[in-house]
Amino acid sequence: MLDQLISTVWALHPTFHDRMAAIAVRRIQQGLPPFEVSQDKKKPYVVGFEDDEDGVEPGIEIGAASYGYSRLVKAETESGSVVVLPMIGAITRYGDLCSWGAEDYAQWIVEANQDKAVSAIVLEMNGPGGSVDGIEMLGEVVRSSEKPIIAYVAGWAASAHFWIASQARGIMLESNTTTSVGSIGVLAVHVDASKFYEKEGFKVTIIRSDGSDDKARFNDVEPLTDDLLAEIKAELQPIKETFIAKVKAGRPGVDASVFSGKMYPGGEAINLKLADRIGYLADSIAWANELAQKVA
């Protein structure tokens, strides 16, 4: 977990990264695992329909959906079912830190599109972003969804969370002041742990085979040279450019000033075309349901 936190390329708000890295290092110094991870993730659910008399959920073919999707709790609405997918906490490709992974979300969205009883999808967001790996894929799944997807942001949708949200049909923020979106950019963090290892009595020597001079140069025991720093920045640039291009495509008319990595509170975000409306989760569900009726 720690090596992923400090060596992965992230579309993540830096304050969250720094806070988690500090917690992980302190726990390791105490002889504990980097993180104490809870398994109590908020599960996806469907607002839409109840079991029929035979106990089979209408609109779902037996065996057609994955175990997790087919066992979602159902409830009735007017025009069909609205799937609510909680995107809470940092997102990695396969899930970690108490959050589902990009692969999980993509699978649920694909299944919802195949489920005749589902009319729309709401992404319930509150998170700092996540690793770049898998986020572009998930954004494309959101963008290409035949059934309308609305992104609802409770506290914040930073970086990768906003990348995903920008590909939805619309973005609703809970508050003009306490909800924020943005942090459009990517980062990689280098931790020089050589002094720590030395203090603990370890002398680390990296031995590379002949001709492998570029092998694992971005590590925590060798200094970050100017050449390597320039190389890492060059590698990050095309990812940032892709991020910006996706936001521009998903949010036509977005103000060019938002691509500096800054966060924007609700009212300002709407003025800059980063979001559309202020409302609550129920309003987002109603909006998605309304769009579904227009499609139908």
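To be clear, the structure that these remarks concern was listed above.
Residues numbered from 1 in each chain as written. Predicted model: local features only at pLDDT ≥ 70, side-chain atom pairs only at ≥ 80, totals over all residues. Heavy atoms only, no water.

**Q** Honestly, helix α5 (residues 135–143) in this entry has me stumped. Any pointers?
**A** The periodicity of an α-helix, 3.6 residues per turn, causes residues three or four places apart in sequence to face the same way. Of all the positions in α5, only Ile135, Leu138, Gly139, Val141 and Val142 are classed as buried. End-on, the buried residues of α5 take up no more than an arc of 160°, which puts them together on one face. Looking at the buried positions of α5, the neighbouring elements they touch are β3 (81–88), α4 (102–114), β4 (118–127), β5 (129–131), β6 (149–158) and α6 (160–165). (Buried < 20%, exposed > 50% of the residue type's maximum accessible area, 1.4 Å probe, protein only. Helix = DSSP H or I, 4+ residues; strand = E, 2+ residues; numbered from the N terminus. Arc of directions from axis to C-beta. Contact = heavy atoms within 4.5 Å.)

**Q** Before we go on, may I ask you to explain the packing of aromatic side chains in this structure?
**A** Any two aromatic rings considered together are summarised by their centre-to-centre distance and by the angle between their planes. Inspection of every chain in the model, using the stated rule, returns four aromatic pairs. Seen in terms of ring centroids, Trp163 and Phe243 are 4.6 Å apart; in terms of plane orientation they differ by 20°. Their pairing is stacked. With Trp163 in helix α6 and Phe243 in helix α8 (residues 226–250), this residue pair connects regions lying 80 residues apart in the sequence. The two residues Trp163 and Phe243 agree in class, both being buried. (Phe/Tyr/Trp six-rings, centres within 6.5 Å; stacked < 30°, edge-to-face > 60°.)

**Q** Help me understand the pairing of strand β7 (residues 170–173), please; the structure alone is not making it clear to me.
**A** Side chains on a regular strand alternate between the two faces of the sheet. Residue alternation in β7 divides its side chains into two sets, Gly170 and Met172 and Ile171 and Leu173, and both sets are buried. Across four bridges, the pairing between β6 and β7 is parallel. The residue bridging Val153 from the neighbouring strand is Leu173, located in β7. For the crossover that starts at β6, traverses α6 and ends in the parallel β7, the hand is right-handed. Bridge count for β7 against strand β10 (residues 277–278) is two bridges, and the pairing is parallel. What sits directly across from Met172, in β10, is Arg277. (Pairing = 2+ DSSP bridges. Right-handed = clockwise from strand over helix to strand, strands pointing away.)

**Q** Where do I start with the environment of Leu138 in this structure?
**A** Mapped onto the elements of the fold, Leu138 is located in helix α5. When the C-alpha atoms of Leu138 and Ala102 are compared, they prove to be 6.0 Å apart, with 36 residues separating the residues in sequence.

**Q** Would you take a moment to explain the pairing of β4 for this structure?
**A** The element β4 is extensively covered by neighbouring structure, given that nine of its ten residues are classed as buried. Looking at chain direction, β3 and β4 are connected through eight bridges and run parallel. Paired with Met87 across the strands is Met125, a residue of β4.

**Q** Got a minute to help me understand the environment of Ile149 in this structure?
**A** Inspection of the secondary structure assignment puts Ile149 in strand β6. The spacing of Ile149 and Leu123 is 26 residues in sequence and 7.3 Å in space, taken between C-alpha atoms. Residue contacts for Ile149: discarding those within four places in its chain leaves Ile109, Ile121, Leu123, Val142, Ala168, Arg169 and Gly170.

**Q** Explain the nonpolar core here, please?
**A** Soluble globular proteins: nonpolar side chains tend toward being buried together. Counting residues in hydrophobic clusters, the biggest one holds 43 residues, and the most contacted among them are Leu123, Met125, Leu138, Ile164, Ile184 and Leu274. For this core, the elements supplying multiple residues, two or more each, are β3, α4, β4, α5, β6, α6, β7 and α8. Per-element tally for this core: the top contributor is α4, with six residues. Apart from the residues within four sequence positions on either side, Ile164 is in contact with Met87, Ile91, Leu123, Met125, Ile135, Leu138 and Val142. (Core = buried A, V, L, I, M, F, W, Y, C linked by side-chain atoms within 4.5 Å.)

**Q** Just to check I follow, could you spell out unusual backbone geometry for this structure?
**A** Note on backbone geometry: most residues besides glycine have negative phi, and most peptide bonds are trans. In this structure, Ser159 is a non-glycine residue whose phi angle is positive, near 50°. Tracing the backbone shows Ser159 in the loop between β6 and α6. Even without a glycine there, the phi angle at Lys273 is positive, about 70°. Looking at the element boundaries, Lys273 is found in the loop between α9 (266–271) and β10.

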